Amino acid sequence: MSLNIRPLLSALKRNPTGALLVALQVAITLAVLVNAAWIVHQRIEKIEQPAGINTRDTFVLVVSGSSNKFDIAAAESEDLSYLRGLAGVAAATVTNGIPLTGNGGDTGLYLHPGERGRLVEAADMSFDQQGLKTLGVSLLAGRNFRPDEIEPYTPGKQAPAAEVIVTQALARTLFPQGSALGKTVYGGTPKTIIGIVSNFMGPQLGTPPYDTVIYPTLPGQYGGYYLLVRTQPGKRDAVLHEAKHHIGAAHRYGVVQYTQTLASAKRQMHSANRNVAILLVIVTALMVAVCCLGIFGLTTFNVGSRTRQIGTHRALGARQRDVVTHFLVEGALVLAGGALLGSILALLIGNWLTAHYALPRLNLAYLLAGILALTGVGELAAWQPARRAALIPPSVATRTV
Amino acid sequence: MTLSEAAMLRMQDISKIYRTDLIETHALRELSLEVRAGEFVAVSGPSGSGKTTFLNIAGLLETFDTGTYELDGRDVSRLSDDARSRIRNEKIGFIFQGFNLIPDLDIFDNVDVPLRYRRMKAPERRKRIESSLELVGLAARMKHLPSQLSGGQQQRVAIARAIAGDPALILADEPTGNLDSLMARQIMDLLEKINAMGTTVVLVTHDPELARRAERNIHIVDGVVLDPASQSHLPQPAPQVSGAAD
Amino acid sequence: MLGYYIRLALKSFRRTPGLTALMVGAIAFGIAACIVTLTVHHAMGRNPIWWKNNVLYAVTMDSWTPEHPYDPADPEHSPTMLTYRDATYLYGSDIPKRKALLAFVQGVLAGAPGQTAPLWAMTRATDSGFFHMFDVPFEYGGPWSAAADRGPKPVIVLSRRTNERLFGGRNSVGRTILWNNLRFRIVGVLNHWDPKPRYYDLSGGGTGNFGRPAPAFVPFKWGPMLHLFPNGHVSCWQAPGAKPIETYRQMLGSNCVWITMWVELPTAAQRERFLNFMNAYWAEQRTMGRFQRPRDNRLWKVSQWLKLHHIVSNDSRLLLRVAFAFLAVCLINTIGILLAKFLRGAPLAGVRRALGATRRQIFAQHLIEVTVLAVTGSCLGLALGAAGLAGVRALYAHSYSAYGALAHFDLIGIAWALALAAASTLIAGLYPAWRIGRVSPARYLKSQ
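About the thresholds
- Residues numbered from 1 in each chain as written.
- Chains lettered and ligands numbered in written order.
- Predicted model: local features only at pLDDT ≥ 70, side-chain atom pairs only at ≥ 80, totals over all residues.
- Heavy atoms only, no water.
- Pairing = 2+ DSSP bridges.
- Helix = DSSP H or I, 4+ residues; strand = E, 2+ residues; numbered from the N terminus.
- Contact = heavy atoms within 4.5 Å.
- Axes fitted to C-alpha atoms, helices over the stretch in contact; angles between N-to-C directions.
- Core = buried A, V, L, I, M, F, W, Y, C linked by side-chain atoms within 4.5 Å.
- Buried < 20%, exposed > 50% of the residue type's maximum accessible area, 1.4 Å probe, protein only.
- Expected span 1.5 Å × (residues − 1).
- Domains from an automatic or database assignment.
- Buried area = accessible area lost by both parts, 1.4 Å probe.
- Salt bridge = Lys/Arg side-chain N within 4 Å of Asp/Glu carboxyl O.
- Polar contact = N/O pair within 3.5 Å; in protein donor to acceptor, adjacent residues only side chain to side chain.
- Nonpolar A, V, L, I, M, F, W, Y, C, P; charged D, E, K, R; others polar.

Visitor: Mind laying out the sheet that holds strand 8 (residues 200-204) of chain B, listing which residues take part and the relevant values?
Guide: All names here are of chain B. Read across the open sheet, the six strands follow the order 6-7-8-3-9-10; overall the sheet is mixed. The open sheet terminates on both sides in strands that have one partner only, identified here as strand 6 (92-95) and strand 10 (224-225). Where strand 7 (residues 169-173) meets strand 8, five bridges bridge the pair, whose relative direction is parallel. What sits directly across from alanine 172, in strand 8, is leucine 203. On top of the sheet, helix 5 (residues 151-164) reaches strand 6 and strand 7; it is set at about 170° to strand 6, its chief contact.

Visitor: Kindly report on the nonpolar core, identifying the contributing residues and their values.
Guide: Buried together is how nonpolar side chains tend to be arranged in soluble globular proteins. Grouped together as the largest cluster of nonpolar side chains are 180 residues, with contacts concentrated most on Phe54 and Tyr69 of chain B together with Phe130, Phe134 and Trp262 of chain C. With 17 residues, the top contributor of residues to this core is helix 11 (residues 314-344) of chain C. Sequence-distant contacts of phenylalanine 134 of chain C, that is, excluding residues within four places in its chain, are made with Ile49, Leu56, Trp193, Tyr199, Tyr200 and Trp262 of chain C. By size, the runner-up hydrophobic cluster in this structure holds 50 residues, among which are Ile72, Val89, Leu132 and Tyr253 of chain A.

Visitor: Quick rundown of helix 9 (residues 268-287) of chain C? Include the residues and the values.
Guide: Residue and element names in this part refer to chain C. In this model helix 9 runs 29 Å from its N-terminal to its C-terminal C-alpha over 20 residues, within 8% of the 28 Å that 1.5 Å per residue would give. Within helix 9 the residues assigned to the buried category are Gln270, Phe274, Phe277, Met278, Asn279, Tyr281, Trp282 and Gln285. Of the residues one or two after helix 9, glycine 289 is the one with positive phi, at around 100°.

Visitor: Which residues make up the domain arrangement of chain C, and what values go with them?
Guide: All names here are of chain C. When its domains are assigned, chain C resolves into domain 1 (2-47 + 313-445) and domain 2 (50-308). Contacts between the two partners involve eight residues from domain 1 and, on the opposite side, nine residues from domain 2. Summed over both partners, the interface of domain 1 with domain 2 comes to about 740 Å²; 60% of that surface belongs to carbon and sulfur atoms. Inspection of the domain 1/domain 2 interface yields zero salt bridges. Counting every contact that joins domain 1 to domain 2 gives two residue pairs in polar contact (both at pLDDT 80 or more). For the side of domain 1 that touches domain 2, the secondary-structure elements that each account for two or more residues are helix 2 (17-44) and helix 14 (402-405). For the side of domain 1 that touches domain 2, a count of residues per class yields six nonpolar, one polar and one charged.

Visitor: Report on the interface of chain C and chain A, specifying residues and quantitative values.
Guide: One frequent convention defines the size of an interface as the accessible area lost when the parts assemble. On the side of chain A, 51 residues touch chain C, which itself brings 47 residues to the contact. When the two sides are added together, the surface that chain C and chain A hide from each other amounts to roughly 4,400 Å², 66% of it contributed by carbon and sulfur. Among the residues of chain C in contact with chain A, Val329, Ile332 and Leu395 of chain C are the three that bury the most area, contributing 13% of the side total. Across the contact surface, chain C and chain A share one salt bridge. A salt bridge links aspartate 315 of chain C to arginine 43 of chain A; its shortest N-O distance comes to 2.7 Å. Put simply, the parts of the chain that give the side of chain C that touches chain A at least two residues each are helix 2, helix 11, helix 13 (359-395) and helix 15 (411-437) of chain C. Looking at side-chain class alone, the side of chain C that touches chain A contains 28 nonpolar, twelve polar and seven charged residues.

Take a look at the structure:
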């Protein structure tokens, strides 16, 4: 089978605008497709970033005073002993925020006394010796808090924390060289790092997600506290229901503000990324579909307006296969032109996104895969009208209008 | 205006050159001719002689390079596209070899087309359409599509469309070329009937049999007219004379 | 002629139903995608109180530490909230026509007839000026008096929702309710009022910047009076060697910023006077050792305030751009099909020209055909857009995201659809219609 490109090009020349318009569609679609796929990839990577904590069996109960007569310290210890005695509870603690939600505090830590030198921002959590177990975070170096180190809440007096635990990521941010264990950091009072734990996402999402410092104090400053509860597998909902009911009725001046499972916190944290990814996929898929219909339409038009010519070719001995090939190659030329323009466009958009949205530089493998995929489906779209062209009988050549 | 009152179509020294990148084709070379009002003239000549170019220029479908053209007493040589459209619409009726009916409009709507562009009121349009279809004997087929009619019938619809606007001049380009001889005769009868009602008819054909039915014959060869009768007002008569069918 | 052209267009569609459906579909989907993203994008960037844009001003001062800017990622900008000390001083000025301080405090509502469990209600602590400045509508009663601000008097305003939950929507004005176990008199119940974005407080507290307004409102001074720590966003810094903040009183005297302040300054003269007032205060405080950063006393219009807070998200911009790229592809597709279709019909246009149609008439005929197509596509796009918005709402049903909160069909969406339809018609139709209008009348008349 021989392919003659020159007559093909001259055929394209007769409807240059049509071919140009389809190539333009291919170009825009390719550019958007490639960059959208790249963005979706980044978002999925973010979604798949491990939270570092047990989100499956853990929930938070937010207790708030309804009056300043609410004795927070007493209520905390009352709730903790209730929860720790409750069947199905694996561990429980009282804390000052909800991991993964942005609902919590952060601290500025300095490396030198008197709050001088480099400032490191970190999310902060405070809980007692059961906190690590409740979150499902493992101790990598040093030790956990001892019960006698835990400072209960005293109204009007924020407890100074002399010992802190940090995540591995924060340890590295604070002390890029050497071990952080045993070192002292400053923020209000000097604090000695007594333990380093595996990375987990703290309550603050703005700071680097894994930089968290943990204080051995019990919260209450803002008129309430968060009960963090981890249940045995499968018992979460039952325990949550029971605990909410009990604690809601336990305090004369306190109410259960709301409850939240960490699973739902995680879902919400990812929802923006997930939904943007879904919307991008939908629009891009529609775009590819429209682009294919464009190729389909152009080929159909070319076949329709060249019926006699095709018949003549057939009369002169072209096989059906030759006719199909002719139109597929014609489509491929348009696709190739579009892909070339689209690659340039894709790279330009990629650069722009890198500059303005802090997106990593476009991976060229994505561009290549995009070109292959789009030309593949494009050829598929040209195939049906090309086959119809092959079915044109040679006799149309001799028929008058 | 220096024209005799009776001239419907008067061309003087009309030249038309088609240019492509490689060649220049002189389709008309200083062609001059005159058709009087009410005449039935046949224009004949071999293929490539310039007949079609003449017809296109006469019908204001194309412009020309040099010379002047007066239609119904008005110089139409250098009119704008809009003005020429208007004259086509009001003064000229076309009949083509290929009928050129609009396939998805029914017969009524096909005859309606030129009247629409004249922005005529609906009752007036209806009256004209009906009477011209009556004249060609197709009043009963008003709601049919062209594809439902025979070739001869389609050409009669085209004639009805040409006369519906009550033009002063009918230009017919090989109107029987696609028809068998019986139908061809019917078409010629119709054209004669229209001519008898006072409309000037110019028939372009290469068929001498048809040409013979016209009052006068004009021969175009290589872009010039060979008939002295049409050049009677010109100072230099053409050297050759061919038999006129007067 | 219009009717005639429309009739011709319909005939033309009947001749090629597949291509017509393809073009209508392409326009519809393209427009729908744009409507969805534009509606949300527009709503996000909307100024809900545009009619007072030149009247209301948010007040900021750079009270942050000389060590580093408030937001290291955006060093240009000062804190968007005020310290208690600065806010109460500036509030003392009588230059503004009206003024209000805004914060969140915790609140528990109890004691309504038939109420079984106390209702936790994050409460907006503010001043009577708030209701006047932001044109807050009341269903029953009204704002509390200026005297109640000063007292403070135990008066409370409930949101419409809260009133429905506690009193079944009946007029509860004059009744007494327990707020944080204290007896408060209800003076007003809001009517439906839910501006999005929540422009008057963009600190992210409560249900977020696109969330519902607070369920209850009390005079600002009740926070300090009852030592209720702020329940919204609080940012603090401490001078080297300063003692940690332990008591509420210490917090009030600290550098923590947590109060949003609005003033109503209708005239340029008032604005200038108020700025001078701020500058004088700044200079005086500076001699006492505060305000060690460069002076940055500012008054923000609502529109500037929204821009400052980057209320329009990058994701929204991204989706908007993708949607327009999609519409572009749809329109290019349509141009291609129309061009092919029109040029295939060129011989018929030639016949019409021969019969006396002017170029303009041929152009008009084809442009009308495109218009009918685009209008049909746009109507369909409108319906698809409405469905798309419902889809987006479902997608975002469980998050506080603006994208879900704002995905509601509105007049602006419809206006956009009409504008896009008109633009699409022009873009998709002008060139093909122009091309066919230029067809030479003589070219196609001879049969091959």
